[in-house]
Amino acid sequence: MNTSPIDTTTLQRVGGQLGSNYAGIFQDDSGRRYYVKTLESAAHARNEMIAARLYQLAGAPTLSYMPTQAPDQIATEWVTLDKRCVAHFSASERQQAQKWLGVHAWTANWDAAGFDGANQGVVNGQVLTLDVGGALAFRAHGDPKGQAFGTRVGELDALRNNDDNPHAARLFANMGRNEIHQAIMKVTRIPDESIRQCILDNAGSPSLADKMIARKNDMAQRLLAESAAAIATT
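Residues numbered from 1 in each chain as written. Predicted model: local features only at pLDDT ≥ 70, side-chain atom pairs only at ≥ 80, totals over all residues. Heavy atoms only, no water.

**A short note on the overall build of the protein chain**
Scanning the protein chain from N- to C-terminus turns up eight helices and eight strands. Computed over the C-alpha atoms, the radius of gyration of the protein chain is 18 Å, within 12% of the 17 Å expected from 2.2 N^0.38 for a compact globule of 234 residues. Across its three principal directions, the C-alpha atoms of the protein chain cover 65 × 40 × 30 Å. Split into buried and exposed, the 234 residues of the protein chain put 47% on the buried side. (Helix = DSSP H or I, 4+ residues; strand = E, 2+ residues; numbered from the N terminus. Rg over C-alpha atoms; globule rule 2.2 N^0.38 Å. Buried < 20%, exposed > 50% of the residue type's maximum accessible area, 1.4 Å probe, protein only.)

**Focus on the pattern of salt bridges**
Two side chains that carry opposite charge are able to pair once their charged atoms sit near each other. Counted according to the given criterion, the structure contains 10 salt bridges. Its salt-bridge partner being aspartate 210, residue arginine 196 comes within 3.0 Å of it at the nearest N-O pair. With a gap of 14 residues between them, arginine 196 in helix H7 (residues 192-201) and aspartate 210 in helix H8 (residues 206-232) connect regions that are remote in the sequence. Residues participating in the shared-partner salt-bridge network are Asp157, Arg160, Arg222 and Glu226. (Salt bridge = Lys/Arg side-chain N within 4 Å of Asp/Glu carboxyl O.)

**Examining the sheet that holds strand E3 (residues 33-38)**
Two strands in a sheet stick together by hydrogen bonds in their backbones, pointing the same way (parallel) or opposite ways (antiparallel). Read across the sheet, five strands follow the order E1-E2-E3-E5-E4 without closing on themselves; strand pairing throughout is antiparallel. The open sheet is flanked by strand E1 (12-15) and strand E4 (65-66), the only strands paired with a single partner. (Pairing = 2+ DSSP bridges.)

**Section: the nonpolar core**
Inside soluble globular proteins, nonpolar side chains tend to come together where they are buried. With 49 residues, the main nonpolar core has Leu54, Trp106, Leu136, Ile195, Ile199 and Met212 as its most contacted residues. Put simply, the parts of the chain that give this core at least two residues each are helix H1 (42-58), helix H3 (101-106), helix H4 (155-161), helix H5 (166-172), helix H6 (177-188), H7 and H8. Of the residues forming this core, the biggest block, eight residues, is contributed by H1. Those residues in contact with isoleucine 195 that sit more than four places away from it in its chain are Leu54, Leu57, Trp106, Ile190, Met212, Ile213 and Lys216. In this structure, Phe26, Tyr34, Met66 and Ala75 belong to the second largest nonpolar core, which totals seven residues. (Core = buried A, V, L, I, M, F, W, Y, C linked by side-chain atoms within 4.5 Å. Contact = heavy atoms within 4.5 Å.)

**Some details on the packing of aromatic side chains**
The way to describe two aromatic rings as a pair is by their centre distance and the angle between their planes. If you walk through the whole model with that rule in mind, you get one aromatic pair. Judged by centre distance (6.3 Å) and plane angle (40°), the ring pair of tyrosine 35 and tryptophan 78 falls under tilted. Of this pair, tyrosine 35 sits in strand E3 while tryptophan 78 sits in the loop between strand E5 (73-77) and strand E6 (83-84), placing them 43 residues apart in sequence. Above the face of the tryptophan 110 ring, lysine 145 is positioned so that its terminal group lies 4.3 Å from the ring centre. The side chain of lysine 186 reaches across the aromatic face of tryptophan 100, ending 4.8 Å from its centre. (Phe/Tyr/Trp six-rings, centres within 6.5 Å; stacked < 30°, edge-to-face > 60°. Lys NZ or Arg CZ within 6 Å of the ring centre and 35° of its normal.)

**Brief notes about the packing of H1 against H7**
At a minimum axis separation of 9 Å, H1 and H7 run at an interaxial angle of 150°. Classed by the angle they form, the pair H1 and H7 counts as roughly antiparallel. Crossing of H1 over H7 shows right-handed handedness. In this structure, H1 contributes Ile50, Arg53, Leu54 and Leu57 to the contact, and H7 contributes Ser194, Ile195, Cys198 and Ile199. (Axes fitted to C-alpha atoms, helices over the stretch in contact; angles between N-to-C directions. Parallel < 35°, antiparallel > 145°, perpendicular 65-115°, else oblique. Left-handed = near helix turned anticlockwise from the far one by under 90°.)

**Quick notes on the side chain of glutamine 120**
By the secondary structure assignment, glutamine 120 is in strand E7 (residues 120-123). What makes glutamine 120 buried here is its relative accessible area of 2%. Separated by 3.0 Å, the side chain of glutamine 120 and the backbone oxygen of alanine 112 make a polar contact. Only 3.1 Å separates the side chain of glutamine 120 from the side chain of threonine 129, close enough to count as a polar contact. (Polar contact = N/O pair within 3.5 Å; in protein donor to acceptor, adjacent residues only side chain to side chain.)

**Things to note about the side chain of threonine 68**
Following the sequence through the fold, threonine 68 ends up in the loop between E4 and E5. At a separation of 2.9 Å, a polar atom in the side chain of threonine 68 contacts the main-chain carbonyl oxygen of alanine 70. From its side chain, threonine 68 meets the backbone oxygen of glutamine 73 in a polar contact 3.1 Å long. In this structure threonine 68 touches Pro5, Ile6, Thr8, Gln73, Ile74 and Ala75, once residues within four positions along its chain are discounted.

**A few points about helix H2 (residues 91-98)**
All of the buried residues along H2 are Glu93, Ala97 and Gln98. When H2 is viewed along its axis, its buried side chains cluster within an angular range of 145° and face the same direction. Buried-residue contacts for H2 involve E6, H3, E7, strand E8 (126-129), H5 and H6. (Arc of directions from axis to C-beta.)

Right, dumping it as structure tokens:
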């Protein structure tokens, strides 16, 4: 696989945009295709790349992200989806998608499901998150989240029951307590140093690393509190 930064100016545009950001399908001389997004800023592009690497660190399936020479662009290897949209998922595919609630919440990916579930897809039986541009410090369109992206992971609840995000609620609302706990543990088992190294290796700041470790610890505290409450009622 080519891992050197892609010069998108040398690619041929062969298809239009699929999401809300300016983008297109591009092809190189060998016939390899990429989906390339041009974002609001280099900071937004860097933010998405870090989010994708954190998803991958947690084991959550995503598209394959490729570095680009243009700092405000994000490129992913083009794949043909078997399904695009949660509404078309089977029961087992919905369960696959729900396993990653904890990762979506940890990274504050308010757009985890996407409009009408279009940020989740299936390739060869595996459910993928197709776009993480709404994770971490930026909204999907590039607006900073500011203080809404803090050290408390309110997204564990908001992704399941926020009336302002019905697309996520339709996917995650029916998860049981044990399923939620299992999803949280996919994040809490990640070593702090692995989180820090992942962020720094992808041009993230030490303060972001501190915040993501704090968010992980907030999720761990929630598990402890709920376990204690369950014991107290038995």
